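Letter by letter, the chains look like this.
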Amino acid sequence: MFLSAIRAMLDFRRQMYATVLQLPIVWFSRNLSDTVSRFVQDSQEVFRGYVILLAKIAREPLKAVAIFALALWLDYRLTLAVAVAAPIAAFILRRLGKHVRKANQRLLVGYGRMIGGLTATLSGMRVVRAYTREGYERKRIWRVEREMLKQSLKMGRIEAMTSPLIEVIGVALAMLGIVWLAQRTLVGESSPAVFLQMVVLLVAMFDPIRKVATVYNRIQRADAAAQRIFAVLDMPVERVSSLGQRELPPPQRRIEFVNVSYTYPEANEPAVAEVSLVVPVGSQVAVVGPNGSGKTTLISLLLRFFDSQEGRILIDGTDIREVSLKSLRRHFSLITQDPVVFAMSIADNIGYGREGATREEIVEAAERAYADEFIRRLPEGYDTVVGEFGVTLSGGQRQRLALARAFLRDAPVFIFDEATSQIDVDSEQKIREAMSEFLIGRTSFLIAHRIATVRAADQIVVMNQGRIEDAGSHADLVSRCDLYRSLYTTHLAGRTVERPMPLRP
Ligand SMILES: Nc1ncnc2c1ncn2[C@@H]1O[C@H](COP(=O)(O)OP(=O)(O)OP(=O)(O)O)[C@@H](O)[C@H]1O
Ligand SMILES: [Mg+2]
């Protein structure tokens, strides 16, 4: 029985994970910690409810029914009179149960908040310490904790109250019944033997009812958790929301944005507005623009992390919404702005790029990304575990790892969302060399923060507040685009040209 409960819980988690892996990307920017909490806390709660349900509920009602039948047989009039109490008890139980469920729902949301608060603080520990905000952080988590405590106490109060309440009603009714029966016995309508038997049965009947009452609250708690889990399971997944199932062949001619606009949920301004752009296969396009101008959003649309509300994106004339997500994404190697390193070995991290890659291929990709040199210096080379459970990598090393992963994937279209953070000049030079070899003859989208990347591109697109302000070659843009000129002098070129600090007189 315990086993079946555990199996049910594992099953819940497995299904939930399978769903979460397919939820639309936008969902994660707001519900990350809450999802974690649903995995850990909610499924536990359902598990406990399930155990109690199986252990108690199945047995107790049976007991109650047996006793009830016996009592009916002995004295049906009295038994039916007492049975009137059942709907009253049920009504009270339902009312209380509703409160329990609500309180638990709040409590579970609280767990999500706490996980969110903790992960943010723990991963930002350097900032917390450097700004000496330990006290503030302590209070912040304590506030969440206090709110959760409130809900816990409320639930405890109701649970503590339920059983006595039911008992009081029960005892009162039983008393009435006993007095009535005693009177009838005295008058001679009933025998003393039946009287005694009925007294015992009446008392015995309340035991299972009291137990069911306690269990009922636990079931309500489990139900609150189960609802939250089902809410996830019922979310529309990416696969369902996408219409197309056709296979998309590798791009042959061009990738085209036609009047594309996208507004994030609950945002007022579009992040990408009326963008039209043609990228011939084999060419390099550099996208530049101030922070928040929509560069990352634009390429997210190309990979269909979310779909544009207006306009279309075409690959060789086929709307990307008409093809399956898998066949679309197969053609891209993506390096995200903030290189992701999973908590596994270096080899597995690079191998993530292509399923079934051999060790030789992984090493070769690492060599091409100039990552091999630092990997070999790690304590266990390619088998060193990195991430949360292992060695920490520097920003530049993470980026080279991400590059090796993308190289290994070897997809026809390469997307590089360049990190804004400074990488040492040496690493930057190496990444640049590695890329320029790799990019020959390949279609690439380079979100650029460095002038060298921009210079090499066939086409430079300047974005501003979601719109394409101008596009062309470096020379064109310098001569006619004010924004590009200012980006060029303050931002793009600022990385390679050392400017002396202004001296005060
Ligand atoms: N998940 C999100 N939910 C809501 N709004 C978002 C989300 N991601 C980005 N935005 C908003 O969309 C706009 C464009 O963001 P985007 O990340 O595309 O900019 P960017 O050009 O890549 O900037 P950066 O140079 O800093 O990387 C910004 O105003 C940003 O606040
Ligand atoms: Mg960005």
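Going by the structure above, here's the rest.
Procedures and definitions
Throughout, residues of each chain are indexed from 1 in the direction in which the sequence is written. Key to labels: chains lettered from A, ligands numbered from 1, both in the order written. For this predicted model, a pLDDT threshold of at least 70 governs which residues receive local features, and a threshold of 80 or more governs which side-chain atom pairs are given and counted, while totals over whole chains, interfaces and linings are taken from all residues. Based on all heavy atoms of the structure, the side-chain values leave hydrogens and waters out of the count. Secondary structure elements follow DSSP: runs of H or I no shorter than four residues count as helices, runs of E no shorter than two count as strands, and numbering proceeds from the N terminus. Radius of gyration here is computed from C-alpha atoms only, and the compact-globule reference equals 2.2 Å multiplied by the residue count raised to the power 0.38. Burial status follows relative accessibility: with a 1.4 Å probe on protein chains alone, a residue under 20% of its type maximum counts as buried, one over 50% as exposed, and anything between as partly exposed. Contact criterion: two residues are considered in contact whenever any of their non-hydrogen atoms come within 4.5 Å of each other. Here the accessible surface of atoms and residues is derived via Shrake-Rupley with a 1.4 Å probe, and residues count as covered only by protein chains that are part of the display. Positive: Lys, Arg. Negative: Asp, Glu. His and the chain ends are not part of the count. In this description, the location of a charge corresponds to atom NZ of lysine, CZ of arginine, CG of aspartate or CD of glutamate. One heavy atom within 4 Å of a molecule or strand makes the whole residue count as near it. Polar contacts here mean pairs of N or O atoms no more than 3.5 Å apart (in protein, one a potential hydrogen donor and the other a potential acceptor; neighbouring residues in sequence count only if both atoms are side-chain atoms). A donor here means an N, O or S atom no more than 2.8 Å from the metal, or no more than 3.2 Å when the metal is Na, K or Ca. Since water is not included, a site may seem to lack partners. Should DSSP find at least two bridges between two strands, the strands are taken to pair. Fitted lines through C-alpha atoms serve as axes, helices being fitted only where they are in contact, and the angles separating the N-to-C directions of these axes extend from 0 to 180 degrees. To qualify as a nonpolar core, a set must consist of buried Ala, Val, Leu, Ile, Met, Phe, Trp, Tyr and Cys residues joined through side-chain atoms within 4.5 Å.

Regarding the overall build of the protein chain
Working step 1: When helices and strands are counted, the protein chain shows 19 helices and ten strands.
Working step 2: Against the globule reference of 23 Å for 505 residues, the protein chain gives a C-alpha radius of gyration of 33 Å, more extended than a compact globule.
Working step 3: In terms of overall dimensions, the protein chain has a C-alpha envelope of 115 × 60 × 50 Å along the principal axes.
Working step 4: Here the protein chain holds 505 residues, and 44% of them are scored as buried.
Working step 5: Residue pairs at least 24 apart in sequence account for 75% of intrachain contacts in the protein chain once pairs closer than 6 positions are excluded.
Working step 6: In the structure as shown, the protein chain presents an accessible area of about 27,300 Å², 59% of it carried by carbon and sulfur atoms.
Working step 7: Computed over 65 positive and 53 negative side-chain charges, the inter-centroid distance for the protein chain is 9 Å.

Digging into the site of ligand 1
Working step 1: The full set of residues close to ligand 1 is Ser 29, Tyr 264, Ala 271, Asn 291, Gly 292, Ser 293, Gly 294, Lys 295, Thr 296, Thr 297, Gln 337 and His 449.
Working step 2: Separating an oxygen atom of ligand 1 from a backbone N or O atom of Gly 292 is a distance of 2.8 Å.
Working step 3: One nitrogen or oxygen atom from the side chain of Gln 337 is found 2.6 Å from an oxygen atom belonging to ligand 1.
Working step 4: Burial of ligand 1 by the protein amounts to 64% of the accessible area it has alone, namely 630 Å².

Side note on the coordination of the magnesium ion (ligand 2)
Working step 1: Every protein donor of the magnesium ion (ligand 2) is listed here as Thr 296 (OG1) and Gln 337 (OE1), and their distances to the metal cover 1.9 to 2.3 Å. One end of the pair, Thr 296, is in helix H10 (residues 295–302); the other, Gln 337, is in the loop between strand E6 (332–335) and helix H12 (346–351), with 41 residues separating them in the sequence.
Working step 2: Judged by relative accessible area, Thr 296 falls into the partly exposed class, the value being 33%.

Notes on the sheet that holds strand E4 (residues 310–315)
The strands making up a sheet associate through hydrogen bonds between their backbones, and the pairing can be parallel or antiparallel.
Working step 1: Read from one edge to the other, the open sheet built from four strands follows the order E2-E1-E4-E5, with strand pairing classed as antiparallel. Two strands bound the open sheet, and with one partner strand each, they are strand E2 (272–280) and strand E5 (318–319).
Working step 2: Pairing of strand E1 (residues 254–262) with E2 involves six bridges; the strand directions are antiparallel. If you follow Ile 255 over to E2, its bridge partner there is Val 279.
Working step 3: Sheet strands touched by H10: E1, E2 and E4. Its angle to E1, the strand with the most contacts, is close to 120 degrees.

Regarding the sheet that holds strand E9 (residues 459–464)
Working step 1: Strands sit in the order E6-E7-E8-E3-E9-E10 across an open sheet of six strands; the sheet is mixed. Looking at which strands have only one partner, the edges of the open sheet turn out to be E6 and strand E10 (467–472). Pairwise comparison of adjacent strand axes, ignoring direction, gives a mean angle of 15 degrees for this sheet.
Working step 2: Examined bridge by bridge, strand E7 (residues 413–417) and strand E8 (residues 443–447) share five bridges and lie parallel to one another. Note on E8: the bridge partner recorded for Asp 417 is Ile 447.
Working step 3: Where H10 meets the sheet, it contacts strand E3 (284–288), E6, E7, E8 and E9, and its direction lies at approximately 150 degrees from that of E8.

Thoughts on the nonpolar core
Working step 1: By size, the foremost hydrophobic cluster in this structure holds 32 residues, and its most contacted members are Ile 346, Ile 350, Tyr 382, Leu 403, Phe 407 and Phe 414.
Working step 2: Only H12, helix H13 (359–368), helix H14 (372–377), helix H15 (395–409), E7 and helix H16 (425–439) provide two or more residues apiece to this core.
Working step 3: The element best represented in this core is H15, accounting for seven residues.
Working step 4: For Ile 346, the contacting residues outside a window of four places in its chain are Ile 375, Leu 378, Gly 381, Tyr 382, Thr 384, Val 386, Leu 393 and Leu 401.
Working step 5: One finds Val 26, Tyr 262, Val 272 and Val 413 within the second-largest nonpolar core, a separate group that totals 30 residues.

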